[in-house]
Amino acid sequence: MGPWEVILLLLCMSSTCLGQAVEGSGSRDRTRLISGRGSINLGQRWGSKSPLMNTSANLTEITSIKSSFEFRTLDPEGVVFYGDTKGGADWFVLGLRGGVPEMQVGKANTLTSVAGGPKLNDGKWHKVEIHSKGVFVVLEVDGTAALVLGLHTNPEDCNLEGKMRLSLGGILVRELELLNPLRTEMDGCVRAGNWLNLSTPWEIDVNEELRPCFDEIQKGSYFPGTGLALFNSSDFPAKQMDEGGAEVKIQGHSSEWNGTVLSLTGSQDKPVLTITAKAQTAELIVTFGTQTATLKLGPHSLALKLSSHAVQVELGQQQLSKLVDVTHDWVTMWNKGMVLAFGGVPGDSDSQWLEGCLSLIQVQGQDVDLDWALQKHSFISSHSCPFSP
């Protein structure tokens, strides 16, 4: 079995039994209808476990449990697809963890979690199809059978008078019900969906602004000029000055950035440090307290080192002279907790939000996943940027 030939999409149902469920939440006056055939960007509900969109169908209308769709992501963790019957008593979740497909099933008093196959977060489109064959559920990826699962259900438990709910990009059960807790946000796209051969459209909140999927993607975190991502600096403990202090590295083509790349705010709710890219003048402006210095933007990555009384900034081969401020011990303040923001200045309505791709963010040598931010604007793509040749 070659690379990218396996994806795990196990439905806790078979052609012998499709149980009872309840209606999807929300009334039609609060929702609008979306075709399941088009491209759907799943990565826009950060901080919410609820799905991006839902659909439901009478079980008597379901003549086949064949579903197919195309899926693409660079995100290592998140929920793709959810379904349930019996009012959520029986449910299934398809997600990725560490890029590897994972399926969790809850049925009666039993919880099951299964994972396997190669990593699927390669940024390529893959056609996924699931269909029943007797008591077996067969998974195909890109036209090749990848997995066969046998399911046995007691026919006496069947009730074909209820409904089934399906959801994309979230779950309808409490996170505590999962056997293995999963970060639900998924920066990925599905398209060309054929869901149980039904023509029923998906329902989405009338106020939800759907973002399109990028034509092509590359690794990184994309800031569209709206909002920021916040972390607590104390989550990345700094060393004392003689051991290196606090260090932030951001990879990317800095000449393609415009707006506030990074800010650091102390207890007075005023930014101690801001680093802002000005595309019109091709400058990177560093402000540390009352001091300001400038570097030239280009095909360079950014490195910041904060010591007890100074800050050092590098942009490619360019290096600023240290900006010194002895009014505080900045390393101690960092370790006590400051607001580390990417993409803007928190609480500043005049802040110029960043537009551009940060290919890789590292703090204290640790790769930063924006999905784990304390706060993040939903329009920021944590793991994918539009492809730039």
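A brief structural summary. Not measured: the values here are computed from a predicted model.

1. What to know about the overall build of the protein
Okay, so step 1: Helix and strand content of the protein: one helix and 32 strands.
Okay, so step 2: Taking all 389 residues of the protein together, 50% fall into the buried category.
Okay, so step 3: Considering only contacts in the protein between residues 6 or more positions apart, those separated by 24 or more positions represent 72%.
Okay, so step 4: For the protein, the exposed area adds up to about 17,700 Å²; of that, 49% sits on carbon and sulfur atoms.

2. Remarks on the sheet that holds strand β27 (residues 339-342)
Okay, so step 1: Ordered by their spatial adjacency, seven strands build an open sheet running β22-β21-β20-β19-β27-β17-β31, and the pairing between neighbours is antiparallel. Of all strands in the sheet, those bounded by a partner on one side alone are β22 (291-296) and β31 (375-376).
Okay, so step 2: Bridge count for strand β21 (residues 283-288) against β22 is six bridges, and the pairing is antiparallel. When the bridges of β22 are listed, T287 appears paired with T292.

3. Some words on the nonpolar core
Grouped burial of nonpolar side chains is what soluble globular proteins tend to show.
Okay, so step 1: Ranked by internal contacts, the top residues of the largest apolar core, which has 45 residues, are W334 and F342.
Okay, so step 2: Excluding residues that lie within four positions of it along the chain, W334 makes contacts with S233, S234, F236, P237, A238, A246, V248, L264, L306, L340 and V363.
Okay, so step 3: With 28 residues, the next largest nonpolar core counts L52, L59, V105 and W195 among its residues.

4. Quick look at the packing of aromatic side chains
Okay, so step 1: One pass over the full model with this rule turns up six aromatic pairs.
Okay, so step 2: Between the NZ or CZ atom of R183 and the centre of the ring of W372, over which it lies, the distance is 5.0 Å.
Okay, so step 3: Above the face of the W125 ring, R191 is positioned so that its terminal group lies 3.9 Å from the ring centre.

5. Comments concerning the state of the cysteines
Okay, so step 1: The full count for this structure, using the stated rule, is two disulfides.
Okay, so step 2: Covalent S-S linkage joins C189 and C213, the inter-sulfur distance amounting to 2.1 Å. In this structure, the disulfide formed by C189 and C213 twists by about -115° around the S-S bond and is classed as left-handed. A residue pair is termed long-range when its members are at least 10 positions apart, and C189 in strand β13 (residues 188-194) and C213 in the loop between β14 (202-205) and β15 (217-219) qualify at 24 residues. Across this residue pair, the class does not change: C189 and C213 are buried.
Okay, so step 3: Disulfide pairing places C357 opposite C385 at an S-S distance of 2.2 Å. Note on the C357 and C385 pair: the S-S dihedral is about 85°, so by sign convention the disulfide is right-handed. On the criterion of sequence distance, the pair formed by C357 in strand β28 (residues 355-358) and C385 in strand β32 (residues 384-386) is long-range, its members being 28 residues apart.

6. Comments concerning the pairing of strand β18 (residues 246-251)
Okay, so step 1: Of the two faces of β18, the one lined by A246, V248 and I250 is fully buried and the one lined by E247, K249 and Q251 carries no buried residue.
Okay, so step 2: Pairing of β18 with strand β23 (residues 302-306), which is carried by five bridges, proceeds in the antiparallel orientation. Directly across from I250, in β23, lies its bridge partner L302.
Okay, so step 3: For β18 and strand β29 (residues 360-363), the ladder comprises four bridges, and the chain directions are antiparallel. Each bridged residue has a counterpart across the sheet, and for V248 the counterpart in β29 is V363.

7. Regarding unusual backbone geometry
Okay, so step 1: Even without being a glycine, A192 presents a positive backbone phi close to 50°.
Okay, so step 2: Looking at A192, the relative accessible area reads 24%, which means it is partly exposed.
Okay, so step 3: At Q364, a residue that is not glycine, the phi angle is positive and equals roughly 55°.
Okay, so step 4: With respect to the element layout, Q364 can be found in the loop between β29 and β30 (366-367).

8. Considerations on the pattern of salt bridges
Should the charged atoms of two oppositely charged side chains come close, the side chains can pair.
Okay, so step 1: Under the counting rule described, the total for this entry stands at five salt bridges.
Okay, so step 2: Between R97 and E102 there is a salt bridge whose closest N-O contact spans 2.7 Å.
Okay, so step 3: Taking relative accessible area as the criterion, R97 reaches 24% and is therefore assigned partly exposed.
Okay, so step 4: Salt-bridge contacts for R183 lead to E185; the nearest nitrogen and oxygen are separated by 2.9 Å.
Okay, so step 5: A relative accessible area of 18% means that R183 is categorised as buried.
Okay, so step 6: Residue E185 is classed as buried on the basis of its relative accessible area of 7%.

9. Concerning the environment of V248
Okay, so step 1: Following the sequence through the fold, V248 ends up in strand β18.
Okay, so step 2: Between the C-alpha atom of V248 and that of V313, which follows or precedes it by 65 residues, the distance is 9.6 Å.
Okay, so step 3: Those residues in contact with V248 that sit more than four places away from it in its chain are L262, L302, A303, L304, W334, F342, Q362 and V363.

Analysis parameters
- Residues numbered from 1 in each chain as written.
- Predicted model: local features only at pLDDT ≥ 70, side-chain atom pairs only at ≥ 80, totals over all residues.
- Heavy atoms only, no water.
- Helix = DSSP H or I, 4+ residues; strand = E, 2+ residues; numbered from the N terminus.
- Buried < 20%, exposed > 50% of the residue type's maximum accessible area, 1.4 Å probe, protein only.
- Contact = heavy atoms within 4.5 Å.
- Areas by Shrake-Rupley, 256 points an atom, 1.4 Å probe, with all protein chains shown as cover.
- Pairing = 2+ DSSP bridges.
- Core = buried A, V, L, I, M, F, W, Y, C linked by side-chain atoms within 4.5 Å.
- Phe/Tyr/Trp six-rings, centres within 6.5 Å; stacked < 30°, edge-to-face > 60°.
- Lys NZ or Arg CZ within 6 Å of the ring centre and 35° of its normal.
- Disulfide = S-S within 2.5 Å.
- Salt bridge = Lys/Arg side-chain N within 4 Å of Asp/Glu carboxyl O.

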